[in-house]
Amino acid sequence: MRRLFILTIILIFSSTLFSQDYKTGIGLRGGWTSGLTVKHFIKSGQAIEGILSSNWGWRGYRITALYEVHKAAFADDIEGMYWYYGGGIHFGDGGYYYYRWKDDPYYGKGGYYERRRHVAFGIDGILGLEYKIQEIPITLGLDVKPFIDFYDYRDDVPFHFWDSALSIRYVF
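(A) Quick peek at the environment of His118. Counting through the fold element by element, His118 comes out in strand β6 (residues 108–133). Taking relative accessible area as the criterion, His118 reaches 6% and is therefore assigned buried. Taking the C-alpha atoms as reference points, His118 and Asp93, separated by 25 residues in sequence, lie 5.9 Å from one another.

If you want it as structure tokens, here you go:
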């Protein structure tokens, strides 16, 4: 009876005991915030991820640090596929072009572009699915990373939900 109990516990927690096939991965993240991504497992099933990114909407940078928990996806049916979730923080600096409409004799009808700078910091969440290709040292990941800015040029919209991306990493 005792052996059966121990075997049951091992089977239940086996997906978290062996929940990644690599230690460190370095690659590219393509999406709204595109850039470089590095993921490193600190324990089995627990990783930290750093993202150095820029996005299409503003010309600048954003540094994101995330803590992630990895679990086997689809009840271990697909070897190398994992769900992950977690959270972290970000800091960024950049600029954007703002189109100002003017209707006066000097500018005429229409407007002009004005460059503005902003600093943003805030908190992030992440929910994703990652697949480690067994034959080659590559992972493919798809995630949604909502974030809240505490200081940003867009004072009316501090919450950004659809920051999603596809990540490709070379793993060690």
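(B) The pairing of strand β1 (residues 24–31), seen in detail. Here β1 runs beside strand β2 (residues 33–43); their pairing, made up of 6 bridges, is antiparallel. In the sheet register, Ile26 faces β2, and the bridge partner there is Val38. Once β1 ends, the chain turns through 1 residue before running back antiparallel as β2. Sheet topology note: the β1/strand β10 (residues 164–171) ladder contains 7 bridges and is antiparallel. The residue of β10 that forms the bridge with Gly25 is Val171.

(C) Focus on the packing of aromatic side chains. Scanning all chains against the criterion turns up 5 aromatic pairs. Judged by centre distance (5.1 Å) and plane angle (85°), the ring pair of Tyr22 and Phe41 falls under edge-to-face. In this pair, Tyr22 is assigned in the loop between α1 (2–17) and β1 and Phe41 in strand β2, connecting sequence segments 19 residues apart. As far as the burial class goes, Tyr22 and Phe41 line up, both buried. Here Tyr170 and Phe172 contribute two aromatic rings whose centre-to-centre distance is 5.2 Å and whose plane-to-plane angle is 80°, an arrangement assigned as edge-to-face. On the basis of relative accessible area, Phe172 is assigned to the exposed category, the value being 56%. Seen from the ring of Tyr84, Lys39 lies directly overhead, with NZ or CZ sitting 4.0 Å from the centre.

(D) Representation of the pattern of salt bridges within the structure. What the rule picks out here adds up to 9 salt bridges. Residues Lys39 and Glu130 are paired through a salt bridge, measuring 3.4 Å at the closest nitrogen-oxygen approach. Here Lys39, found in strand β2, pairs with Glu130, found in strand β6; they are 91 residues apart in sequence, far enough to count as distant. By relative accessible area, Lys39 is classed as buried at 0%. Two residues, Arg169 and Glu130, come together in a salt bridge whose shortest N-O distance is 2.8 Å. Note that Arg169 is positioned in strand β10 and Glu130 in strand β6, a separation of 39 residues in sequence.

The rules behind the values
Residues numbered from 1 in each chain as written. Predicted model: local features only at pLDDT ≥ 70, side-chain atom pairs only at ≥ 80, totals over all residues. Heavy atoms only, no water. Helix = DSSP H or I, 4+ residues; strand = E, 2+ residues; numbered from the N terminus. Buried < 20%, exposed > 50% of the residue type's maximum accessible area, 1.4 Å probe, protein only. Pairing = 2+ DSSP bridges. Phe/Tyr/Trp six-rings, centres within 6.5 Å; stacked < 30°, edge-to-face > 60°. Lys NZ or Arg CZ within 6 Å of the ring centre and 35° of its normal. Salt bridge = Lys/Arg side-chain N within 4 Å of Asp/Glu carboxyl O.

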